[in-house]
Amino acid sequence: FRKILLLFQLVALLLLVLAMAKPYYPGDSEATEEEYRKGIDIMLAMDVSLSMMAMDFEPNRLEAAKKVAKEFVEGRIGDRIGLVVYAGEAYTASPGTVDHESLMAQIDSIGNEPIDGGTAIGTGLGTAVARLRDEKLPSKVVILLTDGSNNAGEVDPISAAELAKEKKVRVYTIGVGTNGEAPTPVITPFGVRFEMAPVEIDEKTLRSIAKITG
């Protein structure tokens, strides 16, 4: 959990550097249209595959990621933020909005989505990029979270990264998982049970996505 928190804090710091010219008014509960116009357009792309229920974070990877994502959203006054969730396919859980209370409620509700199994990182990233449609904003960002490697979907992660680059979207990648093994849910004929399994985050691809998009 601490590693995820530090990574989100680093992303927040980098985004702050991008938005130095953005007006900020302490105490404002809602962002004004002027604030948004000079803000950053952000999409969170969150892996919700079955392995995100692994318990190497407290209480599991998904809940730890959700908690830190909400803390991140709370600190982004003036930015429009949306949410894409993906496993074997992807869908937009929340379009970009400055109503951060509503967005955090949507993050809270993530879990047990009726979508195909697997981990389609390219599909998740491509869907998030497609939702960033405001060409007027100088800064557009996707924060991509996953605990695995791409094993589903029709779009490979590098092609999705090239699309992001073409659209001038920066992608920050966060791998959610510890090194070694973790108690991981496995589907059996008798239901879901937890077994120790290796963590297989494709760090090379995640680094490539970030590098391609700057």
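Refer to the preceding data block for the structure.
Basis of the calculations
- For every chain, the first residue of the written sequence is number 1, and numbering continues from 1 onward in sequence order.
- Restriction of local features to residues with pLDDT of at least 70 applies here, the model being predicted, together with a cutoff of 80 or more for giving and counting side-chain atom pairs; totals for whole chains, interfaces and linings are based on all residues.
- Calculated side-chain values reflect all of the structure's heavy atoms, with hydrogen atoms and water omitted.
- Only protein chains enter the accessibility calculation, which uses a 1.4 Å probe; a residue whose area is less than 20% of its type maximum is buried, one above 50% is exposed, and one in between is partly exposed.
- The way it works is that DSSP assigns letters per residue, a run of H or I at least four long becomes a helix, a run of E at least two long becomes a strand, and they are numbered from the N terminus.
- What makes a salt bridge here is a side-chain nitrogen of Lys or Arg within 4 Å of a carboxyl oxygen of Asp or Glu, nothing more.
- DSSP-based pairing: two strands are paired if at least 2 bridges between them are found.
- Fitted lines through C-alpha atoms give the axes, limited to the stretch in contact for helices. The angle between two N-to-C directions lies from 0 to 180 degrees.
- Throughout, a residue-residue contact means that at least one pair of heavy atoms, one from each residue, lies within 4.5 Å.
- Here roughly perpendicular refers to angles of 65 to 115 degrees, roughly parallel to angles under 35, roughly antiparallel to angles over 145, and oblique to all remaining angles.
- The sense of a crossing depends on the near helix, which, turned anticlockwise from the far helix by less than a right angle, makes the crossing left-handed and, turned clockwise, makes it right-handed.
- For this analysis, a polar contact is any N or O atom pair within 3.5 Å, provided that within protein one partner can donate a hydrogen and the other can accept it, and provided that sequence-adjacent residues contribute only side-chain to side-chain pairs.

**Notes on helix α5 (residues 121-131)**
Okay, so step 1: The buried fraction of α5 amounts to nine of the eleven residues, a majority that puts the element mostly inside the structure.
Okay, so step 2: The complete set of buried residues in α5 reads I121, G122, T123, G124, L125, G126, T127, A128 and V129.

**Notes on the pattern of salt bridges**
Okay, so step 1: Under the defined criterion, the tally for this structure stands at nine salt bridges.
Okay, so step 2: Across the pair R80 and D41 runs a salt bridge, and its minimum N-O distance is 3.0 Å. With R80 in strand β2 (residues 80-86) and D41 in strand β1 (residues 41-47), this residue pair connects regions lying 39 residues apart in the sequence.
Okay, so step 3: By relative accessible area, which is 22% here, R80 ends up partly exposed.
Okay, so step 4: The salt bridge partner of E195 is R193, with a shortest N-O separation of 2.8 Å.
Okay, so step 5: Through salt bridges with shared partners, one network takes in D56, R61 and D147.

**Quick word on the sheet that holds strand β5 (residues 169-175)**
Okay, so step 1: The mixed open sheet is built from five strands, whose spatial order is β3-β2-β1-β4-β5. Unpaired on one side and paired on the other, β3 (90-97) and β5 mark the two borders of the sheet. The average undirected angle you get between the axes of adjacent strands in this sheet is 15 degrees.
Okay, so step 2: Across the sheet, helix α3 (residues 61-74) lies against β1, β2 and β4 (140-146), angled at about 170 degrees from β1, the strand it touches most.

**Quick look at the packing of helix α6 (residues 157-166) against helix α7 (residues 203-212)**
Okay, so step 1: At a closest axis distance of 9 Å, the pairing of α6 and α7 adopts a crossing angle of 15 degrees. Between α6 and α7, the crossing angle belongs to the class labelled roughly parallel. Handedness of the crossing formed by α6 with α7: right-handed. Contact residues: α6 offers P157, I158, A161, E162 and K165, while α7 offers T205, S208, I209 and I212.

**Structural notes on the environment of K66**
Okay, so step 1: Here K66 is to be found in helix α3.
Okay, so step 2: It is 9.5 Å that separates the C-alpha atoms of K66 and S109, two residues lying 43 residues apart in sequence.
Okay, so step 3: Beyond its immediate sequence surroundings of up to four residues, K66 is in contact with M46, I107, D108 and I110.
Okay, so step 4: Within polar-contact distance, the side chain of K66 engages the backbone oxygen of I110 at 2.9 Å.

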